[in-house]
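Structural features, examined
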Amino acid sequence: DESSEDVGTIQVPSTWRSVIQDSETLNLLLHFYSTQEPPKSDKAMEAIILLTSCRRSLFPTDKDRAAFLGRLLNGITILLRNQTGLEHSENYHQFCRLLGRLKANYQLSELVKATGYTEWLSLASSFTVQSMQNWQLSRNSIHYLLALFGRLVAAVPYVRPDAGAKGHTKSLEDAVGSVVQNYVDCMLGSVQTVLQEECDDPLDDSGSLTEQLERLPVICRFQYAKVGTLLVERFDPIMASYQNAIATLNNNNIPVQTQQKLTMLEGQLTWLVYIIGAVVGGHSWSTSHLDDGEERIDATLSRRVFQLVQLIDFRCCQSNGTALCDSKLESAFLFYFQNFRRVYMFMWDQPTGSSSGIVTAGKVDAQPTTKQRVYKNMFDFMAMGDHTQVANLIVTKVGNNLKYWPSNEEVISKTLELFHDMASGYSSSKLLLTLDTVKYLLMNHTAAAFPFLEVKGNERHRTTFHATLTRLLFSSTAEEMPLPFDTFIDPICEVLRQLGSLDAQGLKSPQVRTPLIGVLRDLRGIASSLHNRRTYLMLFERLFPEHFPLLTRISEVWYDDPGVTTSLLKFMYEFVYNKANRVNFEQSSPNGILLFRTTSDVICAYGKNSIAFHSQNTVPETEVYKQKYKGFALSLDVLVAALSGNYVCFGVFQLYNDPALDRALEVALQMILSISLDDVMAYPKLSKSYFSFLEILFRSHIQVVLALTTPTLMSLLNAVHEGLQSSDAPLSSICATSVDHLSTYYYTNQNKENKPEVAQLKQHLAAEPNLFAGLTATLFNLLLFGSASNHWAVMRPMLSLMLASERSFTQYKDQLMSTQSPANQSALNEAFDKLLADVSRNLESQNRDRFTQRLTAFRVTTRSFLTL
């Protein structure tokens, strides 16, 4: 797998041992590589990589393995010394993979004992430096080389300095120091090269950049004091030049030469912020590293990043957003903040960071732990204030980004991701609520304050933004909330009120579309962050009864616009989804019924209009999911969430002749029947919604299913039959559960002649006598001949099917016996007898579990001798 440098250990058969150990095998591949050109030569190098990955146990003794490693190391050394074939990019890439793979499969203790290790290390270091200097040709391969040195330095604590080659630790320190310095200098130099030669910017290749940054922390922290000094020496002059350049600027008229200089300086600062973010993010809180004083180096580097952030934010605010830095630098800041937050902002309620002492949560005079002391040292030495002030700096940056970068989707997305992560912790959310910037966000979450909310393409970010704000608001008790929930949601309710005052023609007007989608996205974000009864009721009471009718009107007039209907249905799903039992009304409250009525009205209005629309309009094949099936799938998801929420007594609807339930199920069945089975299986999201709805229909509303005509019911069961054989295990499991509901219902009710549903089911079975037989055969074939990934779910309906129709089981047994030889027939008959032994004729959980265990043993036994 070339997406990773970790090929993994290859389990080579023992019969290959002599070939692998034979020195001529490796020599042949090396010779072939040296004398051929791509694509032959790089295939030979791939073979060498695989040879390097052979399992340890293939070699009889450690001596044999060491001999193989010695030959391999010698061959690589010769290639490095002569640069054989490395002028070809294909060979070069595979050779970098080989170097990265070498340490993954061999311990450092083995490498240092190999002959020529020191020369190999020196040549590998020089090769890495050369690769970095030619970054235009090697940027997709550099991370393999960084991975090599990362693995080498990570293993140093586990190798005695006197083991193996003399002075191997000093050699590794020199090699790593050279690699790190050249990496930093070459990446800084790449900025000018990109500007002058107009080549591809390595900062634009997010995949390669991420791979490199993930490997930097271990390497840089090997000699962190030296690396910290190096980064400060590179950062300070660039920062000073940047400050001077900004100080002389006239924002209204910037000379081209000055703008180019600013661009170069910002590019170099971008690299340094990324590198510092990666290195700071590599801080270890393990007790073995806490006394090394590394937090002071982190503080030194972090102070410079925060000072740069303040400088850029000051310039941005002074110009009211017209003097923005490069968006890549903003992305680097957000990367740094994420790493800093993860390492140093997880102890919000631990020390205060003040110089007067340390205060722990609930313990005023307690002796500080080592972690708390390190934490305090970090913020003291950074000299940017305590952790509250630093948190405020980060949140202020978040607010400025949301205000001044409305049209940059990448910056907005990463900013909101950072804000969401900061608000996710219990202690961190409480701290954030004390900050003035967060209070401002809570009171001014409209497009007037944050223009990104009304920029086309940012709709999904509205959901994240409001979900985070709501999470923050409800992270405190009702008494501690910085503002009432009603005040928070007032701007949204005002928009709903204005929309609700429009007639049908006004509601359908184009200028209404954007605010309509926006307010539904906002409501979805709010609903997603409500995790208990108290908070859910606050939203419910603001929306009911004033704004519920608007939801139905939207589905009536905007049914043909997927952008609006998707926003509406996703909000409805979130609103009716009873997670954490939050939808929990008083026993005497009608709210559960009223909520389902509105849900039914929305689904019926959308479903009927959409079905009629698509019956008269042909949708291109490439657009059919977006235009039609996505809305159908979301509608089914909404109904599944409402029907399984356990907050509605659905018997009430029939008792009082309320058609809401019947209408909703009827429209849902019409949507299902309008979708071809091929399309159901072609779209994974659609198939999940489709079969989930059928499962709850068979589970809780089987009388509706049985009232259908036989052809209609058979088409549904045919779909279930098809889904049962799906390679998607969760999908197959849902279908198996549906089968179990049907067969269980028949077995437990077959003698109750007074129930009309039972009579209907018997009529269906009379018309389709092979229904249970076909399902039984499919389930047994999946058990015996299918993969083992989903056996437990598939086996669950087998007992109920066998009890519902013993004839079907006997038929399958006879059919399977007829395909086997006489010897196999005897063994198979014995296996069937063991399967049925001690199994009672009931569907109690204990009996089901016992039968399922027998089925597992039956599968293992029969697969050993069955012939297809």
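Our subject is the structure that appears above.
Residues numbered from 1 in each chain as written. Predicted model: local features only at pLDDT ≥ 70, side-chain atom pairs only at ≥ 80, totals over all residues. Heavy atoms only, no water.

Attention shifts here to the overall build of the chain. Along the backbone of the chain there are 42 helices and zero strands. Taking the principal axes of its C-alpha atoms as reference, the chain extends roughly 90 × 80 × 65 Å. Counting only residues that meet the buried cut, the chain has 53% of its 868 residues in that class. By sequence separation, contacts in the chain at least 24 residues apart represent 78% of the contacts at least 6 residues apart. Summed over all atoms, the accessible surface of the chain reaches about 38,300 Å², with 50% contributed by carbon and sulfur. In the chain, 77 positive and 86 negative side-chain charges are present, and the distance between their average locations comes to 4 Å. (Helix = DSSP H or I, 4+ residues; strand = E, 2+ residues; numbered from the N terminus. Buried < 20%, exposed > 50% of the residue type's maximum accessible area, 1.4 Å probe, protein only. Contact = heavy atoms within 4.5 Å. Areas by Shrake-Rupley, 256 points an atom, 1.4 Å probe, with all protein chains shown as cover. Lys, Arg positive; Asp, Glu negative; His and termini not counted. Charge placed at Lys NZ, Arg CZ, Asp CG, Glu CD.)

The next subject is the nonpolar core. Grouped together as the largest cluster of nonpolar side chains are 285 residues, with contacts concentrated most on Trp-120, Phe-340, Phe-693 and Phe-780. Those residues in contact with Phe-780, other than ones at most four positions away along the chain, are Met-798, Met-802, Phe-809, Tyr-812, Phe-832, Leu-835, Leu-855 and Phe-858. (Core = buried A, V, L, I, M, F, W, Y, C linked by side-chain atoms within 4.5 Å.)

Bringing the pattern of salt bridges into the picture now. A side chain of one charge can pair with a side chain of the opposite charge if their charged atoms are brought near each other. A full pass over the atoms with the stated rule returns 39 salt bridges. The closest approach of N and O atoms between Arg-497 and Glu-546, which form a salt bridge, is 3.0 Å. Note that Arg-497 is positioned in helix α22 (residues 485-500) and Glu-546 in the loop between α25 (533-543) and α26 (548-557), a separation of 49 residues in sequence. On the accessibility criterion, Glu-546 (47% relative accessible area) is partly exposed. Each of Arg-56, Arg-65 and Glu-110 takes part in a single network of salt bridges with overlapping partners. (Salt bridge = Lys/Arg side-chain N within 4 Å of Asp/Glu carboxyl O.)

For the structure on display, the rule yields 43 aromatic pairs. Between the aromatic rings of Phe-452 and Phe-465, the centroid separation amounts to 5.4 Å while the plane-to-plane angle is 80°, which identifies the pairing as edge-to-face. Residue Phe-452 is found in the loop between α20 (436-443) and α21 (459-473), and its partner Phe-465 is found in helix α21; the two are separated by 13 residues along the sequence. With a relative accessible area of 0%, Phe-452 lands in the buried category. For Phe-465, a relative accessible area of 0% gives the class buried. (Phe/Tyr/Trp six-rings, centres within 6.5 Å; stacked < 30°, edge-to-face > 60°.)

Next up on the list: helix α15 (residues 327-344). Here α15 contains 18 residues, and its C-alpha end-to-end distance of 25 Å stays within 8% of the 26 Å for a straight helix at 1.5 Å per residue. Within α15, 14 of the 18 residues are buried, which leaves the element mostly enclosed by the surrounding structure. Here α15 starts with a cap whose side-chain oxygen sits 2.9 Å from the backbone nitrogen of Lys-328, and that cap is Asp-326. (Expected span 1.5 Å × (residues − 1). Polar contact = N/O pair within 3.5 Å; in protein donor to acceptor, adjacent residues only side chain to side chain.)

Their axes nearest at 11 Å, the elements α22 and α25 cross at an angle of 35°. As for the relative orientation of α22 and α25, their crossing is right-handed in sense. Where α22 approaches α25, its residues Phe-485, Asp-486, Ile-489, Asp-490, Cys-493, Leu-496 and Arg-497 are matched on the opposing element by Met-538, Leu-539, Arg-542 and Leu-543. (Axes fitted to C-alpha atoms, helices over the stretch in contact; angles between N-to-C directions. Left-handed = near helix turned anticlockwise from the far one by under 90°.)

The next thing to look at is the environment of Arg-101. Relative to the helices and strands, Arg-101 is located in helix α5 (residues 89-105). On the basis of relative accessible area, Arg-101 is assigned to the buried category, the value being 3%. Sequence separation between Arg-101 and Thr-52 is 49 residues; the distance between their C-alpha atoms is 7.5 Å.

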